[in-house]
Amino acid sequence: MTETTSSAPVAVPAPGDDLVDALVRRIDDRSARVLIVGQGYVGLPVAMRAVEVGFDVVGLEASPERAAALQSGSSYVADVSDDQLGRALAAGYRAVNDPADAGPFDVAVITVPTPLRDGAPDLAYVEDAATTLARRLRAGALVVLESTTYPGTTDELMRPLLEQSGLKGGAELFVGYSPERIDPGNARWGFVNTPKVVSGIDAGSLRCVEAFYGALVDKVVPVASTAEAELVKLLENTFRHVNIALVNELAMFADSLGIDIWGAIDAASSKPFGYMRFTPGPGVGGHCLPIDPSYLSWRVKRRLGQTFRFVELANDVNEHMPDYVVTRAMTLLNRNKLALNGSRVLVLGLSYKAGTSDWRESPSIAVVERLLALGADVRACEPYLPEAGGPALPTPVVDCTADELAAADLVVLLVDHPDFVLDEIAEHARLVLDTKGVLRPREFSGETL
Ligand SMILES: NC(=O)c1ccc[n+]([C@@H]2O[C@H](COP(=O)([O-])OP(=O)(O)OC[C@H]3O[C@@H](n4cnc5c(N)ncnc54)[C@H](O)[C@@H]3O)[C@@H](O)[C@H]2O)c1
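Residues numbered from 1 in each chain as written. Predicted model: local features only at pLDDT ≥ 70, side-chain atom pairs only at ≥ 80, totals over all residues. Heavy atoms only, no water.

1. Some remarks on the nonpolar core
By size, the foremost hydrophobic cluster in this structure holds 42 residues, and its most contacted members are Phe 55, Val 57, Tyr 93, Leu 142, Phe 212 and Leu 216. When contributions to this core are tallied by element, the ones reaching two or more residues are α1 (17-28), β1 (33-37), α2 (43-52), α3 (64-71), α4 (82-90), β4 (107-110), β7 (141-145) and α7 (203-216). Considering every element that reaches this core, the biggest residue donor is α7, with 8 residues. Ignoring sequence-local partners within four residues, the contact set of Val 57 consists of Val 34, Ile 36, Ala 47, Ala 50, Val 51, Gly 92, Tyr 93 and Arg 94. Ranked by size, the runner-up nonpolar core spans 37 residues in total, among them Val 58, Phe 105, Val 126 and Val 197. (Core = buried A, V, L, I, M, F, W, Y, C linked by side-chain atoms within 4.5 Å. Buried < 20%, exposed > 50% of the residue type's maximum accessible area, 1.4 Å probe, protein only. Helix = DSSP H or I, 4+ residues; strand = E, 2+ residues; numbered from the N terminus. Contact = heavy atoms within 4.5 Å.)

Below, the structure is given as structure tokens:
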């Protein structure tokens, strides 16, 4: 008998392999119990989708009012309708405020805020969520972070907190990171058809993360490490932030040079390669652009001692835009022999972008505050008011009627909400500053930013 030897490696199961197989099986047959920590703009849509594909889902929400609202069928997130929430509740979804009511879980997803505090990342919510989960972890569970953060957070900060459970990451406990790409109000690209980047602290974790998100979305994009996935999110948002700053700065120069920036942007956008359209506006808002690039520059400064100059410059330009809009408003009124002080100004849109009730970091609020400080009599039209208990209205909110438009000395369009009837604005407003360039090519009395 001839003895044969093979150079192929003998497949020795790595510690945790059985647990990986077991969890993937439970994900595939939908018997895995899912816990989403944080039921906000990101967490609630994830929870709704997980219910839709057949998981047993609990949403853990730190705000008792929010948890109660969800449990009573009332959604405060524009992208999730009461109907959708009602169907989820009927299918067994529960929103709880006390972790003790959450029950056991196999997959936990953390979608809590990651704000900046004095210019530095504030990861207190992530730490709190991970500590809460550590107390309830069982061997073979998966924890995925979705909150936006600096590269290194999942492995260096979250994993040790989870390991306080006594379970070893990779062997007994699976850990991953998957950045959220939600674009509130975007009708074409939603949670399901937007590819989802996934990562794990090791191969077993990655398999579990891929299996879970593979059940929720059309396409997953695995990357080599959690730090790489964390960087993906910051790269995407820094790219937008910098490009918006570029056209904003150009808009200011073009106006001074007497050149129509919008015409130039339209023409440049006809190039089928190597150009991507970005348009000027009153600044950047929401929870991503004003914050995420600073997470990256903070990490670069902290780790490398260097300044991320593109981010600093983009912050500088974009933060200046509300002041620039007010200067343009003053100049426009002045040309019409009016002072801003005492003029009636109707602002269209207060949220940070079209089609959302998210007012966080909205540049429109900065514009309104400056107009008020300069003595203008300001009212606003805003079809997307924030939930009860949200930010206080800086100014009276009125319906966008022909009378309101005609009564204003100046109308400042700050947000291109789909609900605004552009023909009516062009027809009835006596003077308009259109900061979004949406009234073109209509005839109207006024200017585009
Ligand atoms: N909103 C977006 O468009 C968007 C897009 C991509 C990424 N992100 C990122 O996702 C993360 C969440 O953002 P969001 O917009 O959903 O925030 P959000 O404020 O709308 O929701 C977060 C929710 O988490 C709750 N919460 C805080 N700590 C908790 C805890 N320990 N346990 C349970 N609940 C807790 C809060 O009460 C809140 O309801 C952030 O890191 C953000 O940068 C947001």
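Moving on from the model shown.
2. Quick notes on the packing of helix α10 (residues 292-304) against helix α11 (residues 309-335)
Angle between the axes and distance between the axes are the two parameters that describe a pair of packed helices. Packing of α10 against α11 leaves a shortest axis separation of 9 Å and a crossing angle of 145°. When you trace α10 past α11, the crossing you get is left-handed. Across from Pro 293, Ser 294 and Ser 297 in α10, the residues of α11 making contact are Val 311, Glu 312 and Asn 315. Counted by class, the contact of α10 with α11 contains 2 nonpolar, 3 polar and 1 charged residues. (Axes fitted to C-alpha atoms, helices over the stretch in contact; angles between N-to-C directions. Left-handed = near helix turned anticlockwise from the far one by under 90°. Nonpolar A, V, L, I, M, F, W, Y, C, P; charged D, E, K, R; others polar.)

3. As for the sheet that holds strand β12 (residues 377-381)
Reading across the sheet, the 5 strands line up as β12-β11-β13-β14-β15 and stay open at both edges, with parallel pairing between neighbours. The outermost strands of the open sheet, each flanked by one partner alone, are β12 and β15 (446-448). Here the strands of the sheet are splayed against their neighbours by 15° on average, with no regard to which way each runs. Relative to strand β14 (residues 432-434), strand β13 (residues 410-413) is paired through 3 bridges, and the arrangement is parallel. If you follow Val 412 over to β14, its bridge partner there is Leu 433. The strands touched by α11 within the sheet are β13, β14 and β15, with β14 carrying the most contacts at an inclination of about 150°. (Pairing = 2+ DSSP bridges.)

4. Regarding the site of the ligand
Surrounding the ligand, one finds 27 residues, the nearest of these being Val 42, Glu 61, Arg 66, Thr 114 and His 287. Measuring from an oxygen atom of the ligand, one finds a backbone N or O atom of Tyr 41 at 3.1 Å. A distance of 3.0 Å separates an oxygen atom of the ligand from a polar atom in the backbone of Thr 148. The element that contributes the greatest number of residues to the shell around the ligand is helix α5 (residues 124-134), accounting for 3 residues. For the shell around the ligand, the per-class residue count stands at 12 nonpolar, 9 polar and 6 charged. (Near = heavy atom within 4 Å. Polar contact = N/O pair within 3.5 Å; in protein donor to acceptor, adjacent residues only side chain to side chain.)

5. What to know about the environment of Thr 114
Note that Thr 114 resides in the loop between β4 and β5 (116-117). Those residues within four positions of Thr 114 in sequence are excluded, and the remaining contacts are Asp 122, Leu 123, Val 126, Ser 147, Thr 148, His 287, Ile 291 and Tyr 295. There is a polar contact of 2.7 Å between the side chain of Thr 114 and the backbone oxygen of Thr 148.

6. Brief notes about the pairing of strand β9 (residues 196-200)
In terms of burial, β9 is a largely internal element, 5 of the 5 residues being buried. Pairing of β9 with strand β10 (residues 220-222) involves 3 bridges; the strand directions are parallel. Of the residues in β10, the one forming a bridge with Val 198 is Pro 222.

7. So, the environment of Asp 79
Mapping Asp 79 onto the fold places it in the loop between α3 and α4. The spatial distance from the C-alpha of Asp 79 to the C-alpha of Gly 185 is 6.6 Å, given a sequence separation of 106 residues. Ignoring any residue separated from it by four or fewer positions in sequence, one finds Asp 79 in contact with Gln 84, Asp 183, Pro 184 and Gly 185.

8. Some thoughts on empty space enclosed by the protein
Left-over empty space is what a probe sized like a water molecule reveals as it rolls over the atoms. This model, assessed by the stated rule, comprises 1 cavity of 30 Å³ or more. Put simply, the largest cavity is a space of about 80 Å³. What lines the largest cavity is simply Pro 179, Glu 180, Arg 181, Ile 182, Asp 183, Trp 189, Gly 190, Phe 191, Thr 194, Pro 195 and Lys 196. Its residues placed into classes, the lining of the largest cavity shows 5 nonpolar, 2 polar and 4 charged. (1 Å grid on protein atoms, 1.4 Å probe; cavity = no way out; pocket = protein on both sides within 12 Å on 5 of 7 lines; lining within 4 Å. Points joined across faces, edges and corners; volume = space filled by probe spheres on them.)

9. Some words on the packing of aromatic side chains
Overall, the coordinates contain 4 aromatic pairs when judged by the stated rule. For the ring pair Tyr 150 and Trp 298, a centre distance of 5.1 Å and an interplane angle of 40° mean the geometry is tilted. With Tyr 150 in the loop between β7 and α6 (153-163) and Trp 298 in helix α10, this pair connects stretches of sequence that are 148 residues apart. Here the aromatic rings of Phe 212 and Tyr 213 are separated by 5.0 Å at their centres, their planes lie at 70°, and the arrangement is edge-to-face. Taken together, the ring pairs in this structure connect Phe 55, Phe 212 and Tyr 213 into an aromatic cluster. (Phe/Tyr/Trp six-rings, centres within 6.5 Å; stacked < 30°, edge-to-face > 60°.)

10. A short note on the sheet that holds β1
As summarised here, the arrangement of the 8 strands in space is β3-β2-β1-β4-β7-β8-β9-β10, forming an open sheet in which the pairing is mixed. Strands with a single pairing partner mark the edges of an open sheet, and in this sheet they are β3 (94-96) and β10. Pairs of neighbouring strands in the sheet enclose a mean axial angle of 25°, with direction left out of account. Of the strand pairs in this sheet, β1 and strand β2 (residues 56-60) are connected by 5 bridges, and their pairing is parallel. Note that in β2 the partner of Val 37 across the bridge is Leu 60. Sheet strands touched by α6: β4, β7 and β8 (173-177). Its angle to β8, the strand with the most contacts, is close to 150°.

11. A word on a nonpolar patch on the surface
A surface patch of nonpolar side chains, amounting to about 340 Å² of accessible area, comprises Phe 253, Leu 257 and Ile 259. The exposure class assigned to Phe 253 is partly exposed, which follows from its relative accessible area of 49%. (Patch = residues over 30% accessible without salt bridge, like charges linked within 9 Å, V, L, I, M, F, W, Y side chains within 5 Å. Areas by Shrake-Rupley, 256 points an atom, 1.4 Å probe, with all protein chains shown as cover. Salt bridge = Lys/Arg side-chain N within 4 Å of Asp/Glu carboxyl O.)

12. Some remarks on the packing of α2 against α4
Packing of α2 against α4 brings their axes to within 10 Å, and their N-to-C directions diverge by 50°. With respect to α4, the element α2 is oriented oblique. Two packed elements cross with a definite hand, and for α2 against α4 that hand is left-handed. Contacts between α2 and α4 involve Met 48, Val 51 and Glu 52 on the former and, on the latter, Gln 84, Leu 85 and Ala 88. (Parallel < 35°, antiparallel > 145°, perpendicular 65-115°, else oblique.)

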